[in-house]
Amino acid sequence: MNSSIEEIAARIRRAKSAVILTHMRPDGDAIGSALALSCALERLGIAHHVCDESDIPSNLAFVPGIQQLEKKLPADAELYIAVDSSDEQRLGALADDFRAAAARRDTINIDHHVSNTRYAKYNYVRECSANCMNIAALIEALGVSFDKRTAEALLLGLLTDSGNFSHDDVTEETFLTAAKLMKAGADIRALNYNLFKKQPKTRAELYAYTMSRIRYFLGEKLAVISISLETMKQFGADNGMTEGFVDFPLSVDTVEVSASVMEVRKGQYKISLRSKIYADVNKIAGVYGGGGHVRAAGCMLFGDVEEILDKLHELAEKEHIKLASVQALGATNDFTVGVFNTETRQY
């Protein structure tokens, strides 16, 4: 059940202490949501911590305030606020502590994923280009103005989750929010450079290696890239360097869905899914315990990567959903929903 943004703001204002936490392997929207809300709580005089189970992603190391992230959840806070996390499992190693906190303290869930499970006492879930848009609305409801640091944290999330304003969920509100943040001092040029144009040589080499090995299925409608732990070690790369890899195969004109199969430990793979025009990858991921958005979703699966890819090809003929005819493509298309199998809701 959803609470209003005003109800959540009122509950936060009453708190003397709080913990802000977000999903494992955080992206720009997760970090931006957490740090922007942290700025607001700081200005309200509310003692708080910002937590995430993961190491700081190398591609976001430039973000001011990111070093304040802690890996352990304090047990004595009055209020626990999860941001940009569609369910508790996405909190990773902090999920059990969050559940334990929920048994004795108030919890808040602020998110924009269609797959959100409304797992907190107070839930504000609204689909939009980036969760930072929801956090911006919350900060305004708290009566806190945007300063440069807050605005840049929010714009970080807006740029990353909207694909630099290129995704089909970008609306007039997206641009109006960005305009407010720029008026408050956010430097969109510097953010664009650090997010989309600057990269170490290691990432460039890993990118070239990975894209030279794209595999195609379903008449080249599905493109798959694979990144093993051995490859990461070979190039001396970290997980943050693979951000955005899954988007490139969509630039191939025949491809409707792109999948990244990334080994996170032996026999365990993070699956990231993206679609171009008509495939609902949230439904694909959701069948097997993951989720996200219509055009961007994921899940976690287990097994041997080659067996997984072989199974993908086999299941393409057995389990599928009929997709509506798309005039721009001039045809009706089939796409498999029985592609991946997973035992967790993590991705």
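Residues numbered from 1 in each chain as written. Predicted model: local features only at pLDDT ≥ 70, side-chain atom pairs only at ≥ 80, totals over all residues. Heavy atoms only, no water.

**Student:** Can you tell me about the packing of aromatic side chains, naming the residues and giving the values?
**Tutor:** Per the counting criterion, the structure on display carries 5 aromatic pairs. Between Tyr-207 and Phe-245, the ring centres sit 5.1 Å apart and the planes meet at 90°, which makes this aromatic pair edge-to-face. With Tyr-207 in helix H8 (residues 201-211) and Phe-245 in the loop between helix H9 (229-235) and strand E8 (257-265), this residue pair connects regions lying 38 residues apart in the sequence. We classify Phe-245 as buried; its relative accessible area is 1%. On the numbers, 5.2 Å between centres and 55° between planes, the contact of Tyr-209 with Phe-235 is tilted. One end of the pair, Tyr-209, is in helix H8; the other, Phe-235, is in helix H9, and 26 residues separate them in sequence. In this structure Tyr-209 comes out as partly exposed when scored by relative accessible area, which is 26%. Residue class for Phe-235 comes out buried when judged on its relative accessible area of 18%. Grouped by ring-pair contacts, the aromatic residues Tyr-207, Phe-245 and Phe-248 constitute a single cluster. (Phe/Tyr/Trp six-rings, centres within 6.5 Å; stacked < 30°, edge-to-face > 60°. Helix = DSSP H or I, 4+ residues; strand = E, 2+ residues; numbered from the N terminus. Buried < 20%, exposed > 50% of the residue type's maximum accessible area, 1.4 Å probe, protein only.)

Keep in mind these values describe shape, not function.
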